[in-house]
Amino acid sequence: MGRFAIRKPEEEAGKAWPAILIGLFVAFGGVLFGYDTGTISGILAMDYWMNLFSTGYRNTQGHLDVSPSQSSAIVSILSAGTFFGSLGSPFLADNIGRRLSLIVSTVVFIVGVIFQTAATALPLFLAGRFFAGFGVGLVSALIPLYQSETAPRWIRGAIVGAYQFAITIGLLLAAVVDYATKDRQDTGSYRIPIAVQFAWAIILIGGMLILPETPRYLIKKGQHDRAAQALSQLRRIPATHPAIEAELREIQANHDYEMSIGSAGYLDCFRGPMLKRQLTGMALQGLQQLTGINFIFYYGTQYFKNSGIQDSFTIQVITSCINVVSTLPGLYAVDKLGRRPLLLWGAVGMAVSQFLVAMLGTLTTGQDVAGNIIVYNVAAQKAGIAFICLYIFFFASTWGPLAWVVTGEIFPLKHRAKGLSMTTATNWLLNWAIAYATPYLVNYGEGYANLQSKIFFIWFACCFLCISFVYFFIYETKGWSLEEVDELYSEVSSARKSAAWTPSTTFAQRRAAHSNGDGAVHEGGLIEKPDGKSEQHSDGVSHHDEHPVV
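These numbers were taken from a predicted model, which means no experiment stands behind them. (Residues numbered from 1 in each chain as written. Predicted model: local features only at pLDDT ≥ 70, side-chain atom pairs only at ≥ 80, totals over all residues. Heavy atoms only, no water.)

Caption draft 1: View of the overall build of the protein chain. Looking only at helices and strands, one finds 21 helices and 5 strands in the protein chain. Counting over 550 residues, the protein chain shows a buried share of 57%. Per element, the accessible surface of the protein chain, about 20600 Å² overall, is 65% carbon and sulfur. (Helix = DSSP H or I, 4+ residues; strand = E, 2+ residues; numbered from the N terminus. Buried < 20%, exposed > 50% of the residue type's maximum accessible area, 1.4 Å probe, protein only. Areas by Shrake-Rupley, 256 points an atom, 1.4 Å probe, with all protein chains shown as cover.)

Caption draft 2: View of the pattern of salt bridges. All told, the structure shown has 13 salt bridges when counted by the stated rule. Where K182 meets D183, a salt bridge forms, and the shortest distance between an N and an O atom there is 3.2 Å. K182 gets classed as buried once you look at its relative accessible area, which sits at 17%. One salt bridge connects E247 with R235, and the closest N-O pair in it is separated by 3.1 Å. Within this pair, whereas E247 is found in helix 12 (residues 242–260), its partner R235 is found in helix 11 (residues 224–235), the two being separated by 12 residues in sequence. Classification of E247 as partly exposed rests on a relative accessible area of 24%. On the accessibility criterion, R235 (9% relative accessible area) is buried. Among the charged side chains, a network of salt bridges with common partners joins D94, R98, E149, R416 and K418. (Salt bridge = Lys/Arg side-chain N within 4 Å of Asp/Glu carboxyl O.)

Caption draft 3: Seen up close, a nonpolar patch on the surface. Among the surface-exposed residues, V352, F355, L356, M359 and L363 lie close enough to one another that they form a single nonpolar patch of about 420 Å² accessible area. Along the chain, the position of F355 falls in helix 16 (residues 339–363). (Patch = residues over 30% accessible without salt bridge, like charges linked within 9 Å, V, L, I, M, F, W, Y side chains within 5 Å.)

Caption draft 4: Quick peek at the nonpolar core. Formed by 128 residues in total, the largest nonpolar core has its most connected members in W49 and W399. For this core, the leading source of residues is helix 17 (residues 378–409), giving 12 residues. In contact with W399, other than residues within four places in its own chain, are L284, L287, Q288, L343, G346, A347, M350, F394, C466, F469 and V470. Among the nonpolar cores identified, the runner-up in size contains 6 residues, and L172, V317, V324 and L331 belong to it. (Core = buried A, V, L, I, M, F, W, Y, C linked by side-chain atoms within 4.5 Å. Contact = heavy atoms within 4.5 Å.)

Caption draft 5: The arrangement of the packing of aromatic side chains in detail. Taken as a whole and assessed by the stated rule, the structure comprises 27 aromatic pairs. With centroids separated by 5.1 Å and ring planes inclined at 55°, the aromatic side chains of F355 and F460 adopt a geometry described as tilted. One end of the pair, F355, is in helix 16; the other, F460, is in helix 19 (residues 455–473), with 105 residues separating them in the sequence. With a relative accessible area of 32%, F355 lands in the partly exposed category. A relative accessible area of 25% places F460 in the partly exposed class. When the ring of Y471 is compared with that of F472, the centres are 5.0 Å apart and the planes differ by 90°; the resulting orientation is edge-to-face. Overall, the relative accessible area of 39% leaves Y471 in the partly exposed class. Judged by its relative accessible area of 35%, F472 falls in the partly exposed class. Through a chain of ring-to-ring contacts, three or more aromatic side chains come together here, namely F33, Y163, W404 and W428. The ring of Y179 carries the charged tip of K182 above its face, separated from the ring centre by 5.2 Å. (Phe/Tyr/Trp six-rings, centres within 6.5 Å; stacked < 30°, edge-to-face > 60°. Lys NZ or Arg CZ within 6 Å of the ring centre and 35° of its normal.)

Structure (structure tokens):
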């Protein structure tokens, strides 16, 4: 069993468990994300809520309900808030720090929860959804940032991926609480599931009050002594230990070089060698949403009910359980097998599953003149649910956690907060688009596409696109420090060749050699290394020239 274990490398000084525990605790913020996005699916299907919040619209069963356009607004306005929140995260992260930013973000989230809990009509409910979304958007960009800057490199993938695991736990808790209150005929039916979120927020704030700031942020602010103390707290060795000093020298050298060529704005993330990384991160997060996962967790309860499943709430709880359990093998494999193979084979599995769900749903159901679903083959519908569960397994063990892992690794320090904010905003932009468009794509009636199960063909096509995207654009970053990942992108022109790359020297050593004249400086910034090889300092954001992916 030894070859299957993930062990701390012998050359890594200090203890790993403090940084691991801190990273896992910070991942708890994913519960806010998962619970808030998951609870709305059950609330929309609650009889009492539909009667209370309806403005007179009746669904195809003749029951008072919110209209498809109102349902679209309710679900999607959270994603609109998260989009703006994630874009605003660098202004907090780069000015007051990663730790305090998470506290402020959670307070914003609490304001949104208060509004939703107090609401008895749509306007206040919508306002609460927006503010909660704004807080979740801030948190969703800040947590991977904090984790990637504090985690040991040999287990960074699992720690950052734990954020997705927390999201799945939030989704499961939402399904369970919705199930427990769905039959109540009072405001407790929806207020209890919403108010439970106060607990998650208070836990996160309490923990962040005592956790350290990230060493890389403190270096960025010129606070070297505090950075050494923070790293000492994470590694449980004295701040004067040679390993602490060496790690800080590498971070400092990388940051000093980046700052020597100027500060970074949003537009700089799309210039020169940064363009490849920025577009890779944004495409990865966008495609994660286009695989169709949030169709299941936003509208799954209603979809299962419309498909003839008698106890749709139970199915939603089951799919949420599968989502949680399936994330665990991905957290193990990300630092054992690597990023590229997991994302590639995960995309293959998702594509096959979505295609089979689409075929089974399309060929074995129909509609009457009122738009109600007629199920011709119940066994085929159950098989379709089985393939949805298989799709969730592939998503949760690969694309779910790894989208956050990869985007947290690929940006240099100067660009990291802004680059991550835009990749996260892309995730939420597509999240909003899917949440807003789905009722119009799926529902029956004039002005609606009435795709029903055919929508899974769209998710299949997007999953198929994911396969090519991973093959050509995703670099293998397993086991490298954030500074080494920066070097990887600088030296390797093709993602397909990234798995074979190894760093020759640290950036601090190359900078020292350049400063002391140990390396011969040639025209264009070339530094002759002792082994006769040369490297070139670029005028972009990194310390080597980058080349377009081929």
